[in-house]
Amino acid sequence: MNKKSMKVMVALMLAVAIFGISGCSGTETAKPEANQAGTTGMEDGLSEISTELGTLYFPSEWIDDVVTQEENGDSSCSVTFSAEIGGAWYELFTVSIGENEENSVGTLTDADGNARAVSIEAYDLGDLSALSAEEQDQLYAMQEALNVVAENLK
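Residues numbered from 1 in each chain as written. Predicted model: local features only at pLDDT ≥ 70, side-chain atom pairs only at ≥ 80, totals over all residues. Heavy atoms only, no water.

Visitor: Any details on the overall build of the protein chain? Residues and values, ideally.
Guide: Each helix and strand in the protein chain was counted, giving 3 helices and 8 strands. Along the protein chain, helices (α) and strands (β) appear in the sequence α-β-β-β-β-β-β-β-β-α-α when read from the amino end. Here the protein chain, with 154 residues, has 42% of them falling under the buried criterion. The contacts of the protein chain with a sequence gap of at least 6 include a subset with a gap of at least 24, amounting to 53%. A total accessible area of about 8,300 Å² is found for the protein chain, and carbon and sulfur atoms account for 44% of it. (Helix = DSSP H or I, 4+ residues; strand = E, 2+ residues; numbered from the N terminus. Buried < 20%, exposed > 50% of the residue type's maximum accessible area, 1.4 Å probe, protein only. Contact = heavy atoms within 4.5 Å. Areas by Shrake-Rupley, 256 points an atom, 1.4 Å probe, with all protein chains shown as cover.)

Visitor: So what about the nonpolar core? Which residues, and what values?
Guide: One finds L56, F58, F81, L92, F93, V95 and L139 to be the most contacted residues of the largest nonpolar core, which totals 33 residues. Residue assignment for this core shows that the elements contributing at least two residues are β3 (54-59), β5 (77-85), β6 (88-97), β8 (115-122), α2 (133-144) and α3 (146-151). The leading source of residues in this core is β6, at 6 residues. (Core = buried A, V, L, I, M, F, W, Y, C linked by side-chain atoms within 4.5 Å.)

Visitor: If you had to explain the pattern of salt bridges to someone new, which residues and values would you point to?
Guide: Applying the stated rule across the entire model yields 1 salt bridge. With a closest N to O distance of 2.9 Å, D110 and R116 form a salt bridge. Across the pair, exposure class does not vary: D110 and R116 are buried alike. (Salt bridge = Lys/Arg side-chain N within 4 Å of Asp/Glu carboxyl O.)

Visitor: So what about α2? Which residues, and what values?
Guide: Residues three or four positions apart in an α-helix share a direction because the helix packs 3.6 residues into each turn. For α2, spanning 12 residues, the distance from its first C-alpha to its last is 16 Å, which sits close to the expected 16 Å at 1.5 Å a residue. Of the positions making up α2, those classed as buried are L139, Y140, M142 and Q143. Angularly, the buried residues of α2 cover 160° about the axis, an arc narrow enough to put them on a single face. In α2, the exposed positions that point more than 90 degrees away from the buried face belong to A133, E134 and D137. (Expected span 1.5 Å × (residues − 1). Arc of directions from axis to C-beta.)

Visitor: Give a description of the environment of L146 that names residues and reports values.
Guide: Relative to the helices and strands, L146 resides in helix α3. Overall, L146 belongs to the buried group, its relative accessible area being 0%. In this structure the C-alpha to C-alpha distance between L146 and F81, which are 65 residues apart in sequence, comes to 9.3 Å.

Visitor: With reference to specific residues and values, describe the side chain of D110.
Guide: By the element assignment, D110 lies in the loop between β7 (106-109) and β8. Accessibility expressed as a relative area gives 11% for D110, which makes it buried. For D110, the side chain forms a polar contact with the main-chain nitrogen of N114, separated by 2.9 Å. Among the polar contacts listed, one links the side chain of D110 to the side chain of R116, at a separation of 2.9 Å. Excluding its chain neighbours within four sequence positions, the residues that come into contact with D110 are E52, L53, G54 and R116. (Polar contact = N/O pair within 3.5 Å; in protein donor to acceptor, adjacent residues only side chain to side chain.)

Visitor: Got a sec to walk through the environment of L92? Specific residues and values, please.
Guide: Structurally, L92 can be placed in strand β6. Linking L92 and Y140, residues 48 residues apart in sequence, is a C-alpha distance of 8.5 Å. Setting aside chain neighbours within four positions, we find L92 in contact with V66, F81, S82, A83, E121, A122, Y123, L125, L139, M142 and Q143.

This is the structure we're talking about:
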């Protein structure tokens, strides 16, 4: 792993740790207009999420609890991961493919062999005090799955 990639991974892990410890303030989101994540289960505990620009991998244990919304550009796309907990919808993170090479956490290769830079933005989950400790932990764990997505870019 090169020095730049290592810095990005450390920054991502630090951001997730800060969100998990501080319980940052913000607002919950409205229910996303998307389908349940379209996936295929795999033996290694990961599920595939197919996009027009390649396949993302997300932990199977949370796949039934998230909804993905894909927005496509000319040669880019973004996939936003959201979850419903306690009757409210929360945006967890967005994976951007082919949009922001400067803050790339890796590359994703499509079926034609075209590699594109991938960046991931984690969102402030807001005030979670209305949720039980177990629900808060589940929400943070699903958000931390962005690390699994980043580690499994192919």
